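# Close look at the chain arrangement
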Amino acid sequence: MNRTTASLAALTLGVALLGAAPTGPAAAFLDAWAKVPSYTANIKVHMTKGTDVQDRTYHYAYLKPHFARIDITGGAGRGGGAVWTGGDTVSGHQGGMLSGIHLNVSIHDGRAVDLRGHTIDLASFDSVAEAIKNAPSVTAGEETVNGTVYDTVTYPFKDDAGATKTTAYLSRTTHLPVRRVTYAGDTVVETEDFSDVNTSANLKPSDF
């Protein structure tokens, strides 16, 4: 094999490893997300880890590129919340009598993650976009929920609790996520439902 042929083979291999550019629902989502500077949403989450179960509701705010605020509005830890402004730490507080005490802790601290160890940034639509862009393969489909048809995009996802893939349900109107389902093999281990998504929130860094 001469140098030119070897170089061409290496380039072809590199393109294959990177995967093809997203198309269909994945491309529509990425295009829609690129036009959203910030948003707020409510998130209803049901997750499991072994025999443990966690049900929570959150109010979530996100500003590109790395500002997030999450407040637990229902379920375990209600009244608690955290703010992330990039980096490896969050500023957070617990609910109840300790709500007035704010601490700066690692983004991976047990007090700053959910049952499956997911961090505040993983709740964002940006995490969906990055996962799709970096996925070696993406599978498109459609699902009907309560009579409404959604486009779906399935891609690999791993966490420390054994997750293997995630399916994002995308609105056919906005192309943004309305649901995200995470699996360990064929078992659903987390379902997130996004509602009241406001892409005109006009958030600023001072809001975090």
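Please read all numbers here as calculations on a predicted model, not as lab measurements.

Cut-off values and rules
Residues numbered from 1 in each chain as written. Predicted model: local features only at pLDDT ≥ 70, side-chain atom pairs only at ≥ 80, totals over all residues. Heavy atoms only, no water. Helix = DSSP H or I, 4+ residues; strand = E, 2+ residues; numbered from the N terminus. Buried < 20%, exposed > 50% of the residue type's maximum accessible area, 1.4 Å probe, protein only. Axes fitted to C-alpha atoms, helices over the stretch in contact; angles between N-to-C directions. Parallel < 35°, antiparallel > 145°, perpendicular 65-115°, else oblique. Left-handed = near helix turned anticlockwise from the far one by under 90°. Contact = heavy atoms within 4.5 Å. Nonpolar A, V, L, I, M, F, W, Y, C, P; charged D, E, K, R; others polar. Pairing = 2+ DSSP bridges. Polar contact = N/O pair within 3.5 Å; in protein donor to acceptor, adjacent residues only side chain to side chain. Salt bridge = Lys/Arg side-chain N within 4 Å of Asp/Glu carboxyl O.

Each neighbour pair has its own omega, and for Lys64 with Pro65 the value is 5°, a cis peptide bond. Within the secondary structure, Pro65 is located in the loop between β2 (52-63) and β3 (67-75). If you check the backbone angles, Asn146 has positive phi at about 50° while not being a glycine. Here Asn146 falls in the exposed class, since its relative accessible area comes to 79%. With a phi angle near 50°, Asp196 is a residue other than glycine that sits in the positive phi range. On the secondary structure map, Asp196 appears in strand β11 (residues 187-198). Using a relative accessible area of 59% as the deciding quantity, one classes Asp196 as exposed.

The relative placement of two packed helices comes down to the angle between their axes together with the axis-to-axis distance. In the contact formed by helix α2 (residues 24-34) and helix α3 (residues 125-134), the axes pass within 10 Å of each other and the chain directions differ by 135°. Classed by the angle they form, the pair α2 and α3 counts as oblique. Crossing geometry of α2 relative to α3 is assigned as left-handed. Residues Ala26, Phe29, Leu30 and Trp33 of α2 lie in contact with α3, whose contacting residues are Phe125, Asp126, Val128, Ala129, Ile132 and Lys133. Among the residues forming the contact of α2 with α3, the class breakdown is eight nonpolar, no polar and two charged.

When strand β1 (residues 38-49) meets β2, the two strands line up antiparallel, connected through twelve bridges. Of the residues in β2, the one forming a bridge with Val45 is Arg56. Where β1 folds back on β2, the antiparallel hairpin that results is connected by two residues, among which Gly50 adopts a positive phi of roughly 65°. With eight bridges connecting them, β2 and β3 associate as antiparallel partners. Paired with His59 across the strands is Asp71, a residue of β3. Linking β2 back to β3 in an antiparallel pair, the connection comprises three residues.

Structurally, Asp159 can be placed in the loop between β8 (148-156) and β9 (165-170). Residue Asp159 is classed as buried on the basis of its relative accessible area of 15%. Here Ala161 takes part through its backbone nitrogen, which lies 2.9 Å from a polar atom of the side chain of Asp159. Within polar-contact distance, the side chain of Asp159 engages the backbone nitrogen of Ala163 at 2.9 Å. Discounting residues that sit within four places of it in the chain, Asp159 has contacts with Arg116 and His118.

This brings us to the side chain of Arg116. Along the chain, Arg116 turns up in the loop between β6 (102-106) and α3. A distance of 3.3 Å separates a polar side-chain atom of Arg116 from the backbone oxygen of Ala161. When residues no more than four places from it in sequence are discounted, the contact partners of Arg116 are Met47, Thr48, Lys49, Asp159, Ala161, Gly162, Ala163, Val189 and Glu190.

A few words on the environment of Tyr155. If you trace the backbone, Tyr155 turns up in strand β8. The class of Tyr155 is buried, set by a relative accessible area of 3%. Excluding its chain neighbours within four sequence positions, the residues that come into contact with Tyr155 are Val128, Ala131, Ile132, Ala135, Ser137, Val138, Lys165, Thr166, Ala168 and Arg180.

The next thing to look at is the pattern of salt bridges. Overall, the coordinates contain nine salt bridges when judged by the stated rule. Notably, a salt bridge pairs Asp109 with Arg111, separated by 2.9 Å at the nearest N-O pair. For Lys204, the salt bridge is made with Asp207, and the minimal N-O distance between the two is 3.8 Å. Residue classification places Asp207 among the partly exposed residues on the basis of a relative accessible area of 30%. Several salt bridges share partner residues, and in doing so they unite Glu142, Asp151 and Arg172 into one network.

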